[in-house]
Amino acid sequence: MAGNKDADFTSFQELEKNFQEAAPALKPKEAIDESNRCLYCYDAPCIKACPTSIDIPTFIKKIATGNLYGSAKTIMEANPVGASCARVCPTEELCEGACVLNGPSKPIMIGMLQKHATDWAIKNKKTFFKRGQQNGCRVAIIGAGPAGLSGARELARIGYEVTIYEAKERAGGLSTYGIVSFRLPKEIPLWEAEQVEALGVTFKYSTTVGKDISFNEIIKGYDAVLLAVGISAVKKLNIPGEELSGVLDAISFIEETKKNGLTNEFIGKNVAVIGAGNTAIDAATCAKRLGADCVQIFYRRTEKEMTAYEFEYEFAKQDGIEFRWLSSPTKIIGKNGSVTALELIKMKLEEQGQNDRPKPVPIEGSSYPVEVDYVIKAISQTRFTSIIDALNLEHENGVVLVNNKTMQTSNPKVFAAGDVIFGGGQTEAMVVDAAEQGKVAAYKIHENFTQHAGE
């Protein structure tokens with residue numbers, strides 16, 4: 001999706017400005033002043049609200065005393081992808097939402113302070129941890145996303161020989177490829193991967209398990225396997241016209257901007273995004289910042305049922321994204337092989353059981369067209385069921401079943417963490433959750449070896 005060679009240079013300069021990180025960094029004095037607002041609660045509710053249990057009062061106090069190295073180390077000790085999470089965590093729902101100052105005044109800007117400390121570490125090229133004494137055991141990790149990186153780091157610190165197999169060219173998973181640059185520059189997750197690599201972890205990039213190396217080789221060649229493959233492509237809409245040029249997958253669309261640079265082809269265009277989750281918001285704001293004239297999000301339910309984080313929703317509105325509730329696509333219309341319009345139908349919600357979401361039902365005779373140049377699919381994503389099936393793992397619709405006490409799958413040699421076990425009511429798909437699951441899986445692997453040592 002590289003830009004046209006004859007594109008106006010000024011236009012590209014403007015687009016590049018649009019893709020600079022949106023959240024401004026705190027200045028040193030601002031960070032110290034904000035740190036000094038913290039009450040350093042003894043029984044800190046912010047720690048309990050953080051899935052990775054970062055010692056938030058401690059890292060904030062270290063900022064206040066000028067110890068940025070100690071602050072960043074405190075963060076990264078608990079969360080191997082703490083620099084990424086400083087940018088993408090829904091802090092208003094987690095740590096900041098639990099802050100005792102949230103109500104009497106404004107909560108401490110925990111996310112921004114976390115960003116301040118980890119940015120210092122990145123700028124000064126700091127590393128924090130050392131490889132543990134080798135114990136002779138080998139672990140393979142499939143997937144170098146947040147869960148895989150987190151698990152690899154902990155295992156290496158304990159003393160395991162760890163190899164990560166990653167299908168893409170770089171580490172980080174969706175943090176590197178699937179979250180827009182102005183929210184999470186790819187340099188951040190790549191730095192987190194460097195922290196892991198510094199511990200002696202081997203990365204096998206552009207290596208697809210089942211193609212470049214067999215599943216049998218993985219299972220037989222290692223003492224344990226951690227499956228952390230994440231999720232696959234966006235699901236099809238299954239409506240006429242989906243094959244037309246101009247119909248895009250949201251994940252692939254965002255990835256193109258992070259891998260191959262920006263394009264001027266969206267300037268002045270009309271874009272429709274289908275879905276109302278965080279990926280839909282990212283795709284919509286990405287299209288808008290690429291110069292689209294009008295970007296509309298169509299969702300078959302209402303604002304109340306949307307799954308996007310509140311801060312994502314507010315960000316989208318500030319970027320000028322339009323939301324069209326209770327609308328569902330029925331047909332993509334084209335001319336000469338390219339998209340020209342989207343046909344939608346109005347919906348109404350019917351209440352179901354007490355704990356079920358309202359069911360969207362089409363209103364007969366309410367179809368209407370909207371002129372668009374692009375349709376971006378951002379509904380739920382598919383699973384890597386081929387990998388799961390090849391490993392003969394029990395799953396429900398692609399959600400791998402694990403023993404919550406051991407993190408083991410139906411194959412006791414295979415553990416799992418991250419998006420591959422998200423869903424089915426188990427947990428929410430947050431980067432911070434994946435990081436915590438990777439940590440937990442690492443210690444469960446070690447616990448399993450310790451229990452069976454000498455057998």
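For the structure itself, look to the data block above.
Definitions and cut-offs
Residue indices begin from 1 for each chain and proceed along its sequence in written order. Local features in this predicted model are restricted to residues of pLDDT 70 or higher, and side-chain atom pairs are both shown and tallied only at a pLDDT of 80 or more, whereas totals for entire chains, interfaces and linings draw on every residue. Hydrogens and waters are ignored; side-chain quantities use all the structure's heavy atoms. Should DSSP find at least two bridges between two strands, the strands are regarded as paired. A run of H or I in DSSP becomes a helix once it reaches four residues, and a run of E becomes a strand once it reaches two; helices and strands are each numbered from the N terminus. In this analysis, axes come from line fits to C-alpha atoms, helices being fitted only over the stretch in contact, and the angle between any two N-to-C directions falls in the range 0 to 180 degrees. Residues grouped as a nonpolar core are buried Ala, Val, Leu, Ile, Met, Phe, Trp, Tyr and Cys residues, joined through side-chain atoms within 4.5 Å. Only protein chains enter the accessibility calculation, which uses a 1.4 Å probe; a residue whose area is less than 20% of its type maximum is buried, one above 50% is exposed, and one in between is partly exposed. Residue ranges assigned to the domains are those given by an automatic or database domain assignment. The way it works is a 1 Å grid over only the protein atoms, where trapped points that fit a 1.4 Å probe form a cavity and open points with protein on both sides within 12 Å along at least five of seven lines form a pocket, and then any residue with an atom within 4 Å of a point lines it. Grid points are joined across faces, edges and corners, and a volume is the space filled by probe spheres set on the points. Note on contacts: a residue pair qualifies if any of its non-hydrogen atoms lie within 4.5 Å across the two residues. The pairing test for Phe, Tyr and Trp rings, Trp by its six-membered ring, is centres within 6.5 Å, and the orientation test on the planes gives stacked under 30 degrees, edge-to-face over 60, and tilted for anything in between. Placement of a charge over a ring requires the Lys NZ or Arg CZ to be within 6 Å of the ring centre, with the centre-to-atom vector within 35 degrees of the ring normal.

### Let's talk about the sheet that holds strand β3 (residues 202-204)
Consideration 1: If you walk across this open sheet you meet the five strands as β3-β2-β1-β4-β16, and the pairing is parallel. Two strands bound the open sheet, and with one partner strand each, they are β3 and β16 (414-416). Pairs of neighbouring strands in the sheet enclose a mean axial angle of 20°, with direction left out of account.
Consideration 2: Where strand β2 (residues 161-165) meets β3, three bridges bridge the pair, whose relative direction is parallel. Along β3, the bridge assignment pairs Ile164 with Phe203.

### A look at the nonpolar core
Generally speaking, nonpolar side chains in soluble globular proteins are found buried as a group.
Consideration 1: By size, the foremost hydrophobic cluster in this structure holds 94 residues, and its most contacted members are Ile56, Phe59, Ile164, Ile218, Leu227 and Val400.
Consideration 2: Top element by residues in this core is helix α17 (residues 431-452). It accounts for eight residues.
Consideration 3: Shared between two domains, this core takes at least three residues from each, and those domains are domain 1 (24-124) and domain 2 (138-232 + 383-453).
Consideration 4: Counting 36 residues, the second-largest nonpolar core is a separate cluster that includes Phe12, Ile251, Ile254 and Ile281.

### Thoughts on the layout of surface pockets
Consideration 1: The calculated volume of the second largest pocket comes to roughly 750 Å³.
Consideration 2: Lining the second largest pocket are 23 residues, and of these Ala23, Arg87, Thr91, Met112 and Phe311 sit closest to its centre.
Consideration 3: Elements that contribute at least two residues to the lining of the second largest pocket include exactly α6 (82-88), α8 (110-123) and α15 (310-318).
Consideration 4: Here the lining of the second largest pocket gets five residues from one element, more than from any other, and that element is α15.

### Focus on unusual backbone geometry
Consideration 1: A positive phi angle, close to 55°, is found at Ser53, a residue other than glycine.
Consideration 2: Its place among the elements puts Ser53 in the loop between α3 (45-49) and α4 (56-64).
Consideration 3: A relative accessible area of 45% places Ser53 in the partly exposed class.
Consideration 4: Phi is positive for Met407, close to 65°, though the residue is something other than glycine.
Consideration 5: Along the chain, the position of Met407 falls in the loop between β15 (399-400) and β16.

### Some details on the environment of Pro358
Consideration 1: Within the element layout of this structure, Pro358 appears in the loop between β10 (338-350) and β11 (359-362).
Consideration 2: As for Pro358 and Thr302, which are separated by 56 residues in sequence, their C-alpha atoms are 9.8 Å apart.
Consideration 3: In contact with Pro358, not counting residues within four places along its chain, are Arg301, Glu305, Leu349, Glu350, Glu351 and Gln352.

### Examining the packing of aromatic side chains
Consideration 1: Overall, the coordinates contain 14 aromatic pairs when judged by the stated rule.
Consideration 2: Between the aromatic rings of Tyr313 and Phe323, the centroid separation amounts to 4.9 Å while the plane-to-plane angle is 90°, which identifies the pairing as edge-to-face. Of this pair, Tyr313 sits in helix α15 while Phe323 sits in strand β8 (residues 322-324), and the two are 10 residues apart along the sequence.
Consideration 3: Tyr313 gets classed as buried once you look at its relative accessible area, which sits at 6%.
Consideration 4: Taken together, Tyr299, Tyr313, Phe323 and Trp325 form an aromatic cluster joined through their ring pairs.
Consideration 5: Lying across the ring of Tyr313, Lys317 places its NZ or CZ 4.2 Å from the centre.

Purely geometric numbers; function is a separate question.
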